[in-house]
Amino acid sequence: MTLVPRRRAILSFWPPAFTIRARLTLWYVALLALILLAFSGFLYTSLSHSLYDALDSTLAIEARQLQQSIEIENKQLRLGEQMNQLTPGSVVALYDSSGQTLLDGVPRWSASALAGAIRQAANGHDDLATVRLQNGEQWRVLVTPVRDNGRTVGVLEVGRSEHEVEAALERLLLLMGIAVPVTLLLATGGGLFLADRALSPIDRITRTVRRIGAEDLSQRIGLPPSPDEVGRLAETFDVMLERLDRAFQRQRQFTADASHELRTPLAIIGGQIDVALQRRRRAEEYAEVLRDVRAEAERMRELVSDLLTLSRADAGRERLTLEPVSLDELAAEVAGQMTPLALARGLQLEVDATAPVVVSGDQTRLMQLLLNLVDNALKCTPSGGRVSIAAKKQDAWAVLQVSDTGMGIPAEHLPHLFERFYRVDKARSRAEGGAGLGLAICEWIAHTHGGRIEAASTPGRGSTFTVYLPMRKLPF
Ligand SMILES: Nc1ncnc2c1ncn2[C@@H]1O[C@H](COP(=O)(O)OP(=O)(O)O)[C@@H](O)[C@H]1O
Ligand SMILES: [Mg+2]
């Protein structure tokens, strides 16, 4: 049991558990530290090189000057006046071929430390060596041969302490040792501040989104519009909330409307049964009631089936079975099915589809679409009128058209016609058995086929419903 919290406590020190703010700062400071270290290293090594180079050149210049002032008489070496012009801090030693020291300075370095360099000089070559004195000080010594007529007659040593160079480098190291941590500290503070500033709108977004429950989708984040990343995020959230809000409202409305529509036939059935049960009745009377009840049940069945279609369509679970569908044949078939109804209402039903029009579509759904449109037209046209179905090609579209010479639709209703449960004349439509879902389903069918549906009407003269379906190249 104790393991879990302890592991969490350890994990919280790792970057994955850090806030973005801390992680950003950490990365930023780590990168800066790397850059500062690399820069300091470069500075230190290049300064150290040039200081040591300068030391070596001083020694070389001094050695050359001294060489010129060495006087040789009978193999005897002697230094001239130049000794006085030596740079302060330089120490000089001169040996003749017998190994005798002619001139000496303080401090002395042991000859053994220079053995290699002296051997080089005896062979006629210059050599530089670094020697450590007993007090721990490091000295740089140039060992150079003294020649007379091409023969080496002695060895000259010029040395300077490396102390000054070391002190300068130590000062630099100290400065960097202070400056780098201070810079990193400042950068951490600055980084946290900047990250805070950049991320505080995100905190605001989080708080708002948290406040928004499923019940209160009316809230918006409402950041002032800005084209930056956070501004875009907030805007995206607001757009999404707007869509969700509208979808929720639609859903609520849909459920309320559906319940209302279902309650009416149930109330009718209940009423009919109650009346029938009030007293004993004849068999025909019961049969009459049962027929009415059956009619209402049928109406409910249709309504529920429409509701199911729409809700499955909303959930994206209603799939089309695509096949080549001949719209001209479809028009003829629907006309055949609806002719009895048209005749019963004293209407003329005609088909205008001469050329073949084939689309890739769902035969059953397209049939449902056309049946709905023709059914509406027949219901909304007074007897003596005419309803015609046309199938044709128009530009890149296959077109299905149902027109009637009926009562038409007032212009203010046209934009809402395809909404669910929308009816121009509620009482009339209900009497005809409609719930206002037919055109909503038609629109969905047209849309899932990649097409659209349009309504045009002149009140008193008639209406025309036009379905445009894309003429796809068939894959078979
Ligand atoms: N051809 C038409 N002529 C006049 N009004 C129509 C026509 N087709 C549809 N409408 C109107 O549009 C409404 C919606 O139609 P629809 O969605 O099929 O519902 P329903 O047929 O169940 O009433 C109908 O109630 C009717 O008022
Ligand atoms: Mg209808």
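Source: prediction; values computed, not measured.

### Looking at helix 7 (residues 327-344)
Phase 1 of the analysis: Counted at 1.5 Å a residue, the expected span for helix 7 with its 18 residues is 26 Å, and the 26 Å between its end C-alpha atoms agrees.
Phase 2 of the analysis: When the local axis directions of helix 7 are compared, the greatest deviation, roughly 45°, occurs at Met-338, which is followed within four positions by the proline Pro-340.
Phase 3 of the analysis: All of the buried residues in helix 7 are Leu-327, Asp-328, Leu-330, Ala-331, Val-334, Ala-335, Met-338 and Ala-342.
Phase 4 of the analysis: The positive-phi residue at the C-terminal boundary of helix 7 is Gly-346, with phi of around 70°.

### Considerations on the pattern of salt bridges
Phase 1 of the analysis: Evaluation of the coordinates by the stated rule reveals 17 salt bridges.
Phase 2 of the analysis: Between Arg-423 and Glu-261 there is a salt bridge whose closest N-O contact spans 2.6 Å. Taken as a pair, Arg-423 in the loop between strand 12 (397-404) and helix 9 (426-431) and Glu-261 in helix 5 (residues 229-277) lie far apart in primary sequence, 162 residues in all.
Phase 3 of the analysis: Residue Glu-350 pairs with Arg-386 through a salt bridge whose shortest N-O separation is 3.5 Å.

### Concerning the nonpolar core
Phase 1 of the analysis: Core analysis: the biggest nonpolar cluster contains 49 residues, and Leu-327 and Leu-366 have the highest contact counts within it.
Phase 2 of the analysis: Taken together, the elements giving at least two residues each to this core come down to helix 5, helix 6 (283-314), helix 7, helix 8 (363-379), strand 11 (386-394), strand 12, helix 10 (438-448) and strand 14 (462-470).
Phase 3 of the analysis: In this structure, this core is formed jointly by two domains, domain 2 (229-313) and domain 3 (319-470), each of which donates at least three residues.
Phase 4 of the analysis: Discounting chain neighbours no more than four positions away, the residues touching Leu-327 are Val-357, Val-359, Leu-366, Ala-391, Ala-398, Leu-400 and Leu-469.
Phase 5 of the analysis: Formed by 15 residues, the second largest nonpolar core is a distinct cluster that contains Leu-66, Leu-77, Val-92 and Val-158.

Cut-off values and rules
- Residues numbered from 1 in each chain as written.
- Chains lettered and ligands numbered in written order.
- Predicted model: local features only at pLDDT ≥ 70, side-chain atom pairs only at ≥ 80, totals over all residues.
- Heavy atoms only, no water.
- Helix = DSSP H or I, 4+ residues; strand = E, 2+ residues; numbered from the N terminus.
- Expected span 1.5 Å × (residues − 1).
- Bend = angle between axes of the 7 residues up to and from the residue.
- Buried < 20%, exposed > 50% of the residue type's maximum accessible area, 1.4 Å probe, protein only.
- Salt bridge = Lys/Arg side-chain N within 4 Å of Asp/Glu carboxyl O.
- Core = buried A, V, L, I, M, F, W, Y, C linked by side-chain atoms within 4.5 Å.
- Domains from an automatic or database assignment.
- Contact = heavy atoms within 4.5 Å.

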